[in-house]
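# Tertiary structure, described
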Amino acid sequence: MSEIKVERLTKRFNETAALDAVSLDFAAGSFTALLGPSGCGKTTMLRLIAGFEAPSQGRVLFGDELMADPQRQVPPEARGVGVVFQSYALWPHMDVAENVAYPLKARHVKRGEIAGRVGAVLDIVGLNGFESRRIEELSGGQRQRVALARCLVADAKIILFDEPLANLDMHLRSSMVDAFRDIHRRTGATIVYVTHDQAEALALADRVAIMSRGKVLQAAAPQEVYRAPANATVAGIVGRGSIVGGTVIDHAEETATVDIAGHRLVARSAGTSAGPVKILLRPEALRISPEGMPATVLDSVYRGPVHEVRLALPMPGRGPGPGPGQELLIDSTEAVAVGQSVNVAVSDAWIIPGA
Ligand SMILES: Nc1ncnc2c1ncn2[C@@H]1O[C@H](COP(=O)(O)OP(=O)(O)OP(=O)(O)O)[C@@H](O)[C@H]1O
Ligand SMILES: [Mg+2]
């Protein structure tokens, strides 16, 4: 049974559709990341699921139960959803334990039970011993964890996160990513997690939904979204890589022989026919080698362990050399000189469907 189901969900603000007829199921206990550029509708989707916003069209269901359609809405407090936003809205005049206990007090849970449950969630977020600290005596990451604990204490079956790590530095972000994974394992809650950060999305979620302009373009396992993006927009949002033009010479069900700038190679495909196609080449599948696709070095930037190298492919009908032609991005362990001629071995390629 799907815990959350959105059916042709549309939200219009004036003329613009912030969410445009989106249908998506969230299985019970799943962890879905919503990933996409600013303004694509991620927060709007969360607000509709939580009940802070009413649909213009379509429906939201939890299991078989209708939560919202354009006529009727179950109010947010009756949905039993936990929500953690980027701005974590803690009460500065209360200490950590009081902040976390707040949702239980509001529900008149017995005092003795409250202490036990607050202790248990502070344990999960690694804040044991911080019970009587005031909020202003905490770091940003610790405050974020208090907000998380306050959400967890209510024991919601559905938890929604809107960029919960956006205010934190790199180091804290990665330790919080571990905390989220742990929370998902322990609570078994159905989680929807909004982020701009694709590394975070790929690391955390068992499914990534790529959004653009109010639509979900692809919802699939992280590896699949990375290896087999459904279209050029998804390929542009997830991971680095180059999209180059080529021609299908010969094809089977899941692979095809393609010609890229006069060089032949085998690419994965979701079924294609002969003719022009767009092909995605990830940097890690490309290597400078004695044989392979001829190319010319346009640019090279050292980025830690590797040099990120931009290469120009030869133009059809012209010799190799830089020009307004196609480019490739590769990671090279060795430095290369601008203008140098190289060959590139290709170990993996993906024909972008419908491009
Ligand atoms: N209350 C509102 N009134 C008018 N327009 C709105 C409102 N809320 C959102 N929008 C518009 O709807 C679109 C989607 O907004 P939303 O906040 O869902 O984007 P987002 O994907 O969360 O972006 P970001 O990553 O920047 O947070 C945007 O064009 C936004 O300007
Ligand atoms: Mg947002």
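Treat the numbers as computed from the prediction; the structure is a model and nothing was measured. (Residues numbered from 1 in each chain as written. Chains lettered and ligands numbered in written order. Predicted model: local features only at pLDDT ≥ 70, side-chain atom pairs only at ≥ 80, totals over all residues. Heavy atoms only, no water.)

## Digging into the domain arrangement of the chain
Here the domain parsing of the chain yields domain 1 (4–231) and domain 2 (240–351). Put simply, the middle of domain 1 and the middle of domain 2, counted by C-alpha atoms, are 40 Å apart. Taken together, the contacts link 5 residues of domain 1 with 6 residues of domain 2. When domain 1 packs against domain 2, close to 530 Å² is buried across both sides, 40% of that on carbon and sulfur atoms. On the domain 1 side of the interface with domain 2, the three residues burying the most area are Tyr-226, Arg-227 and Pro-229, jointly 85% of the side's total. Inspection of the domain 1/domain 2 interface yields 0 salt bridges. Residue composition of the side of domain 1 that touches domain 2, by class: 4 nonpolar, no polar and 1 charged. (Domains from an automatic or database assignment. Contact = heavy atoms within 4.5 Å. Buried area = accessible area lost by both parts, 1.4 Å probe. Salt bridge = Lys/Arg side-chain N within 4 Å of Asp/Glu carboxyl O. Nonpolar A, V, L, I, M, F, W, Y, C, P; charged D, E, K, R; others polar.)

## Some remarks on helix H4 (residues 140–153)
If you check H4, its first and last C-alpha atoms are 20 Å apart, about what 14 residues at 1.5 Å a residue would give, namely 20 Å. Inspection of H4 places Gly-141, Gln-142, Gln-144, Arg-145, Val-146, Ala-147, Leu-148, Ala-149, Arg-150, Cys-151, Leu-152 and Val-153 among the buried residues, and these make up the whole buried set. In this fold, the buried residues of H4 make contact with strand E6 (81–85), helix H2 (96–106), helix H3 (111–124), strand E7 (158–162) and helix H5 (170–187). Once H4 finishes, Asp-155 follows within two positions and takes phi at roughly 60°, a positive value. (Helix = DSSP H or I, 4+ residues; strand = E, 2+ residues; numbered from the N terminus. Expected span 1.5 Å × (residues − 1). Buried < 20%, exposed > 50% of the residue type's maximum accessible area, 1.4 Å probe, protein only.)

## Quick notes on the sheet that holds strand E10 (residues 215–220)
Spatially, 6 strands are ordered E6-E7-E8-E3-E9-E10 in an open sheet, and the strand pairing comes out mixed. The open sheet terminates on both sides in strands that have one partner only, identified here as E6 and E10. Each adjacent strand pair in this sheet contributes to an overall mean axis angle of 15°, direction not counted. Alignment of strand E3 (residues 31–35) against strand E8 (residues 190–195), held across 5 bridges, turns out to be parallel. Each bridged residue has a counterpart across the sheet, and for Thr-32 the counterpart in E8 is Val-192. The sheet strands contacting H4 are E6 and E7, and the helix crosses E6 at an angle near 170°. (Pairing = 2+ DSSP bridges. Axes fitted to C-alpha atoms, helices over the stretch in contact; angles between N-to-C directions.)

## Some words on the site of ligand 1
Neighbouring residues of ligand 1: Phe-13, Ala-18, Pro-37, Ser-38, Gly-39, Cys-40, Gly-41, Lys-42, Thr-43, Thr-44, Glu-163 and His-196. Lys-42 has a polar side-chain atom sitting 2.8 Å from an oxygen atom of ligand 1. Relative to its unbound accessible surface of 630 Å², ligand 1 loses 59% to contact with the protein. No other element matches the 3 residues that helix H1 (residues 42–50) contributes to the shell around ligand 1. Across the shell around ligand 1, the residue classes break down as 4 nonpolar, 6 polar and 2 charged. (Near = heavy atom within 4 Å. Polar contact = N/O pair within 3.5 Å; in protein donor to acceptor, adjacent residues only side chain to side chain. Areas by Shrake-Rupley, 256 points an atom, 1.4 Å probe, with all protein chains shown as cover.)

## Structural notes on the UniProt feature "domain: ABC transporter" (unreviewed entry) in the chain
UniProt annotation of "domain: ABC transporter" (unreviewed entry) refers to residues 4–238 when read in the numbering used here. Taken as a whole, residues 4–238 contains 36% helix and 28% strand, while its terminal C-alpha atoms sit 25 Å from one another. (UniProt positions renumbered as here; feature names shortened; annotations may be inferred.)

## Describing the sheet that holds strand E17 (residues 327–332)
Strand order in the open sheet formed by 4 strands is E17-E16-E15-E18, with antiparallel pairing between adjacent strands. With one partner strand each, in any of the chains shown, E17 and strand E18 (341–346) form the two edges of the open sheet. On average, each strand axis in the sheet is inclined to that of its neighbour by 50°, with strand direction left out of account. Looking at chain direction, strand E15 (residues 286–303) and E18 are connected through 7 bridges and run antiparallel. Following the sheet pairing, Thr-296 is matched in E18 by Ser-341.

## Side note on the packing of aromatic side chains
Each aromatic ring pair is specified by the distance between its two centres and by the angle formed by the two planes. For the structure shown, the criterion picks out 6 aromatic pairs. An angle of 50° between the planes, with centres 6.3 Å apart, marks the rings of Phe-52 and Phe-85 as tilted. Here Phe-52 is found in the loop between H1 and strand E4 (57–62), whereas its partner Phe-85 is found in strand E6, with 33 residues between them in sequence. Put simply, the rings of Phe-31, Phe-161, Phe-180 and Tyr-193 pair up and form one aromatic cluster. Directly above the aromatic system of Phe-26 lies the positively charged group of Arg-207, at a separation of 5.3 Å from the ring centroid. The residue whose ring lies beneath Arg-282 is Tyr-226, and the NZ or CZ to ring-centre distance is 4.0 Å. (Phe/Tyr/Trp six-rings, centres within 6.5 Å; stacked < 30°, edge-to-face > 60°. Lys NZ or Arg CZ within 6 Å of the ring centre and 35° of its normal.)

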